[in-house]
Amino acid sequence: MAVKQTAGRDQLGAFAPKFAQLNDDVLFGEVWSREDKLSLRDRSLVTVVSLLSQGLVDSSFQFHLMSAKKNGITRSEIAEIITHAAFYAGWPKAWAAFRMAKEVWAD
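Residues numbered from 1 in each chain as written. Predicted model: local features only at pLDDT ≥ 70, side-chain atom pairs only at ≥ 80, totals over all residues. Heavy atoms only, no water.

Chemist: Is there a simple way to explain the overall build of the protein in this structure?
Modeler: When helices and strands are counted, the protein shows six helices and zero strands. Its helices and strands taken in sequence order, the protein reads α-α-α-α-α-α from the N to the C terminus. On C-alpha atoms alone, the protein measures out to a radius of gyration of 14 Å, which is about the 13 Å that the 2.2 N^0.38 rule sets for 107 residues. On the principal axes, the C-alpha backbone points of the protein span a range of 40 × 30 × 30 Å. When burial is assessed residue by residue, the protein has 31% of its 107 residues classed as buried. Contacts in the protein between residues at least 24 apart in sequence constitute 57% of all its contacts with a sequence separation of at least 6. Approximately 6,900 Å² of the protein is accessible, and the part contributed by carbon and sulfur atoms is 61%. Seen as two clouds, the 13 positive and the 12 negative side-chain charges of the protein have centres 2 Å apart. (Helix = DSSP H or I, 4+ residues; strand = E, 2+ residues; numbered from the N terminus. Rg over C-alpha atoms; globule rule 2.2 N^0.38 Å. Buried < 20%, exposed > 50% of the residue type's maximum accessible area, 1.4 Å probe, protein only. Contact = heavy atoms within 4.5 Å. Areas by Shrake-Rupley, 256 points an atom, 1.4 Å probe, with all protein chains shown as cover. Lys, Arg positive; Asp, Glu negative; His and termini not counted. Charge placed at Lys NZ, Arg CZ, Asp CG, Glu CD.)

In structure tokens, the structure reads:
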């Protein structure tokens, strides 16, 4: 089950209230909660590859890697996912993603 998201309101609520509401209520509240259509694990996989392909390996990428781990993606699976994506998204982007993934799956 998707967790109630408040990051938008917490971080941007006063500055960009509509964006914060869309982030928390629509993206995470409605889209991520449609588990009958696509599991949280599969949504995490798609999100990680989408962010990696754009080169967005920042704190939001780390959040989604941690979510992917919580949603059941294993260390060996994330290694295979990033390796596969490297050929389509770019080798340097994969290196950056691996650095962060190693931290998340360090245990």
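Chemist: How do you make sense of the pattern of salt bridges when you look at a structure like this?
Modeler: Oppositely charged side chains can pair when the atoms bearing their charge come close. Scanning all chains against the criterion turns up six salt bridges. Across the salt bridge formed by aspartate 25 and arginine 9, the nearest N and O atoms sit 2.6 Å from each other. Here aspartate 25, found in helix α2 (residues 17-31), pairs with arginine 9, found in helix α1 (residues 7-12); they are 16 residues apart in sequence, far enough to count as distant. The partner of aspartate 36 in a salt bridge is lysine 37, and the shortest N-O contact between them spans 3.7 Å. You can call aspartate 36 exposed: its relative accessible area is 66%. Among the residues examined, lysine 37 registers a relative accessible area of 57% and is labelled exposed. (Salt bridge = Lys/Arg side-chain N within 4 Å of Asp/Glu carboxyl O.)

Chemist: Would you take a moment to explain the side chain of asparagine 23 for this structure?
Modeler: Mapped onto the fold, asparagine 23 is located in helix α2. Accessibility expressed as a relative area gives 18% for asparagine 23, which makes it buried.

Chemist: Sorry, what's going on with helix α6 (residues 91-104) here?
Modeler: Given 3.6 residues per helical turn, the α-helix brings residues three or four places apart onto the same face. Relative to the 20 Å expected for 14 residues at 1.5 Å per residue, α6 spans 20 Å between its end C-alpha atoms, a close match to the ideal helical length. The complete set of buried residues in α6 reads Ala94, Ala96, Ala97, Met100, Ala101 and Val104. All buried residues of α6 fall inside an arc of 160 degrees around its axis, so they share one side. For α6, exposure combined with an orientation more than 90 degrees from the buried face picks out Pro92, Trp95, Arg99, Lys102 and Glu103. If you follow the buried residues of α6, they end up packed against α3 (40-54), α4 (59-70) and α5 (75-89). (Expected span 1.5 Å × (residues − 1). Arc of directions from axis to C-beta.)

Everything listed is a geometric property; what it means functionally is a separate question.
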